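Results of the structural survey
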Amino acid sequence: MSTRQSITINSNNDKLADRVIRLLEQFKNEGLEIVSKEDMDDLKLLKATRNEDSIPFDEYLKNEN
């Protein structure tokens, strides 16, 4: 059984980042998943809200301010 591993690649050069992503995309058919750090952070925040009670949208609008 294999373990899931994550890597982070930082680049201040947009062209280089695009080249690296294009290279990594070649491995998608082998199960590689490419997720931006920002998207991962958003997904973690969203997952954390799954256990919270939800409220009706109308109630949300009443308490908007």
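Predicted model only: the values in this text are computed from it and were never measured.

In this structure the tally under the stated criterion is two salt bridges. Here Arg-4 and Glu-33 are joined by a salt bridge, their closest N and O atoms 3.0 Å apart. With a gap of 29 residues between them, Arg-4 in the segment before helix 1 (14-25) and Glu-33 in the loop between helix 1 and helix 2 (37-49) connect regions that are remote in the sequence. The pair formed by Arg-4 and Glu-33 is uniform in burial state, with each residue classed as exposed. Close ionic contact of Asp-41 with Lys-37 constitutes a salt bridge, the shortest N to O distance being 3.2 Å. Residue Asp-41 and its partner Lys-37 are both found in helix 2; the two are separated by four residues, about one turn of the helix.

Where the model shows low pLDDT, its predicted coordinates should not be examined in detail. Across the chain, pLDDT averages 84, with 94% of residues at or above 70. Of all helices and strands in the chain, the one with the weakest mean pLDDT is helix 3 (residues 57-62) (77), whereas helix 1 scores best (95).

The rules behind these values
Residues numbered from 1 in each chain as written. Predicted model: local features only at pLDDT ≥ 70, side-chain atom pairs only at ≥ 80, totals over all residues. Heavy atoms only, no water. Salt bridge = Lys/Arg side-chain N within 4 Å of Asp/Glu carboxyl O. Helix = DSSP H or I, 4+ residues; strand = E, 2+ residues; numbered from the N terminus. Buried < 20%, exposed > 50% of the residue type's maximum accessible area, 1.4 Å probe, protein only. pLDDT = per-residue confidence, 0-100.

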